[in-house]
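An overview of the molecular structure
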Amino acid sequence: MKRLMASFRLLSSTFAMSLAAAPAWAQSAPAPALSLELNAAQPSEKGCRLTFVVNNALGADLSKAAFEIALFNEAGVVDRLTVLDFKDLPAGKTKVTRFDLAGADCGKLSRVLINSATECAGTGVEPAACMRVLKTATRTSIAFGV
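A brief structural summary. Only a predicted model underlies this, so the values are computations on that prediction, with no experimental measurement involved.

1. Quick look at the sheet that holds strand β6 (residues 111-121)
- If you walk across this open sheet you meet the 4 strands as β4-β3-β6-β8, and the pairing is mixed. Strands at the two margins of the open sheet, each flanked by one partner only, are β4 (78-89) and β8 (143-145). Adjacent strand axes in the sheet meet at a mean angle of 20°, parallel and antiparallel pairs treated alike.
- Pairing geometry for strand β3 (residues 62-72) and β6, over 9 bridges, is antiparallel. Across the sheet, the residue bridging to Ala65 is Cys120, located in β6.

What follows is the structure, encoded as structure tokens:
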């Protein structure tokens, strides 16, 4: 009887330890995401050059990704709407892309808002994924997000 109880305790504690380890294992896989960082805003010959750092952690290549953005001036009024085409974004890759916005004054930009994804295409990627899992950040004084 003692052996049976000892075996039962050993089995119970082994089972309990395996359950305790399960949540850590289940949480180890990161959630799919598309990260878009406004990294810099610098005056250029054409106007304002916005530099973005993009990381595709969706788990699938994007053959095309484009976003409609709204630029707000220092008074908080929408100055313009434009589409930024990030082209292809391979899975697991970080990419730096620059856009020259003709006639825009970087010093007067207060906010860049992502209105929508006008293109989000890739094998196994649903069109709404680019906005649903989009994470934004900025390294500038310009507010940036959705």
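2. Let's talk about the environment of Leu81
- Note that Leu81 resides in strand β4.
- Separated by 32 residues in sequence, Leu81 and Leu113 have C-alpha atoms that sit 9.4 Å apart.
- Dropping the residues within four chain positions of it, Leu81 is found in contact with Glu68, Ile69, Ala70 and Asn115.

3. Quick notes on the pattern of salt bridges
- The tally for this structure, following the rule as stated, stands at 6 salt bridges.
- Here Asp85 and Lys64 are joined by a salt bridge, their closest N and O atoms 2.7 Å apart. Of this pair, Asp85 sits in strand β4 while Lys64 sits in strand β3, placing them 21 residues apart in sequence.
- Take Lys64: its relative accessible area is 28%, and that puts it in the partly exposed class.
- Lys95 is the partner of Asp88 in a salt bridge, and the nearest nitrogen-oxygen pair spans 3.7 Å.
- According to the relative accessible area criterion, Asp88 is partly exposed, its value standing at 40%.

4. What to know about the sheet that holds strand β5 (residues 94-102)
- Strand order in this open sheet of 4 strands is β5-β2-β1-β7, and the pairing throughout is mixed. Because the sheet does not close on itself, it has two edges, and the strands there are β5 and β7 (134-138). Sheet twist, expressed as the mean angle between neighbouring strand axes with direction ignored, is 25°.
- Sheet topology note: the strand β2 (residues 47-57)/β5 ladder contains 9 bridges and is antiparallel.

5. Some points on the state of the cysteines
- On inspection of all chains with the given rule, the structure shows 2 disulfides.
- Two residues share a disulfide in this structure: Cys120 and Cys130, whose sulfurs sit 2.1 Å from each other. The sign of the S-S torsion, about 80°, decides the handedness of the disulfide formed by Cys120 and Cys130: right-handed. Within this pair, whereas Cys120 is found in strand β6, its partner Cys130 is found in helix α2 (residues 129-132), the two being separated by 10 residues in sequence. Note on accessibility: Cys120 and Cys130 belong to one class, buried.
- Along the protein, the cysteines engaged in disulfide bonds are linked according to the scheme 1-2, 3-4 when indexed in sequence order.

Procedures and definitions
Each residue is numbered by its place in its chain's sequence as written, counting from 1. For a predicted model such as this one, the threshold for reporting local features is a pLDDT of at least 70, and the threshold for listing and counting side-chain atom pairs is 80 or more; totals across whole chains, interfaces and linings nevertheless cover every residue. Hydrogens are left out, water is left out, and the side-chain values use all remaining heavy atoms of the structure. At least two DSSP bridges between two strands are required for those strands to pair. Secondary structure is summarised from DSSP: a helix means a run of H or I of at least four residues, a strand means a run of E of at least two, and numbering begins at the N terminus for each. Note on definitions: angles span 0 to 180 degrees between N-to-C directions of axes, and those axes are lines fitted to C-alpha atoms, for helices only across the stretch in contact. Contacts are assigned to residue pairs with any non-hydrogen atoms lying within 4.5 Å of each other. A side-chain nitrogen of Lys or Arg and a carboxyl oxygen of Asp or Glu constitute a salt bridge if their distance falls within 4 Å. With a 1.4 Å probe rolled over the protein chains alone, any residue whose accessible area is under 20% of its type maximum counts as buried; one over 50% counts as exposed, and the rest are partly exposed. Sulfur atoms of two cysteines make up a disulfide when they are within 2.5 Å.

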